[in-house]
Amino acid sequence: MAGTRKPVAVLVSGNGTNLQALIDAAKVDSYPARIAVVISNVAGVRALQRAADAGIPTVTIPHGDYPDRALFEQALLDAMAPHGVEIVCLAGFMRVLTRRFLRDFPGPVLNVHPALLPAFPGLHAVRQALDYGAKLTGCTVHFVDEGTDTGPVVAQVAVPVLDSDDEAALSARIQAQEHWVYPLALRLVAEGRAMTNGRRVWSGGGPRTEGLSIRNPG
Ligand code: GAR
């Protein structure tokens, strides 16, 4: 599989637990993607250390160093180019990518969001769910489009909200689900099995087709 594994850039801003899950998944030779570069818009974050520990090249591109979004995004594209990146995964990357980036990067861009979209998009999704009084929330892996958390859904996992939950407790249970469903979604995309028809995404072909009917395993 080594020669055919799709090179992935993971864009991060913080702790990098989802990055770690992707790194761990990609350690298995049969996994169809490899993490080619990790790019952070924030210096010194834990995610960069996780990448360095795994021997993955890192680049820090502080968004504040750029006078506008176009130049910041061009710097992201320039950092990805030497690595032949074919898929971008946003993993706690707290900047919205513009139409220009999505036009100039020809491959799929994935994001993980800590809510069952279209509920609770944007910032503080877990707090939004608690404040609303939702009984069920979860996480979503979706293709990125020009909106904020509006792209076609690849996979979702539901997580119940417990009466005892605060933001930290609920976030931790949601993240535990993100850590298996994001690598699964990336696998489907890297294998070319995440087919889209307008908004609907389904997994086509292969022995793991049923893997897209995601539910909370426990
Ligand atoms: C994740 O829970 C992810 O869903 C969320 O940030 C966290 C990053 O954690 N993303 C968003 O809220 C994007 N709107 P991590 O750095 O430990 O992977």
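Scroll up to find the structure this text is about.
Report follows, based on the coordinates. Predicted model, so just to flag it, every value in this text is computed and none were measured.

### Section: the overall build of the protein
In terms of helices and strands, the protein carries 6 helices and 9 strands. Scaling as 2.2 N^0.38, a compact globule of 218 residues should have a C-alpha radius of gyration of about 17 Å, and the protein matches this with 17 Å. Overall size of the protein, expressed as C-alpha extent along the three principal axes, is 50 × 45 × 35 Å. Buried positions account for 46% of the 218 residues belonging to the protein. Put simply, of all contacts in the protein between residues at least 6 apart along the chain, 62% involve residues at least 24 apart. A total accessible area of about 10300 Å² is found for the protein, and carbon and sulfur atoms account for 54% of it.

### Structural notes on helix α1 (residues 17-26)
Extensive coverage of α1 is indicated by the burial of 8 of its 10 residues. The complete set of buried residues in α1 reads Thr17, Asn18, Leu19, Ala21, Leu22, Ile23, Ala25 and Ala26. Elements that come into contact with the buried residues of α1 comprise β1 (6-12), β2 (33-40), α2 (46-53), β4 (87-90), β5 (109-113) and α6 (167-190).

### A word on the nonpolar core
Ranked by internal contacts, the top residues of the largest apolar core, which has 42 residues, are Val10, Ile35, Cys89, Leu110 and Leu186. Residue contributions to this core peak at 9 residues, all from α6. When neighbours within four sequence positions are excluded, Leu186 is seen to be in contact with Val8, Leu22, Tyr31, Ala33, Ile87, Cys89 and Leu110. Core analysis: the second largest hydrophobic core is formed by 21 residues, Ala9, Val37, Leu90 and Phe101 among them.

### Looking at α2
Turn by turn, an α-helix covers 3.6 residues, leaving residues three or four places apart pointing in a common direction. Residues of α2 that are buried: Ala47, Leu48, Arg50 and Ala51. Considered in projection along α2, the buried side chains sweep an arc of 160° and stay on one side of the axis. Just downstream of α2 lies Gly55, where phi reads positive at about 75°.

Conventions and cut-offs
Residues numbered from 1 in each chain as written. Predicted model: local features only at pLDDT ≥ 70, side-chain atom pairs only at ≥ 80, totals over all residues. Heavy atoms only, no water. Helix = DSSP H or I, 4+ residues; strand = E, 2+ residues; numbered from the N terminus. Rg over C-alpha atoms; globule rule 2.2 N^0.38 Å. Buried < 20%, exposed > 50% of the residue type's maximum accessible area, 1.4 Å probe, protein only. Contact = heavy atoms within 4.5 Å. Areas by Shrake-Rupley, 256 points an atom, 1.4 Å probe, with all protein chains shown as cover. Core = buried A, V, L, I, M, F, W, Y, C linked by side-chain atoms within 4.5 Å. Arc of directions from axis to C-beta.

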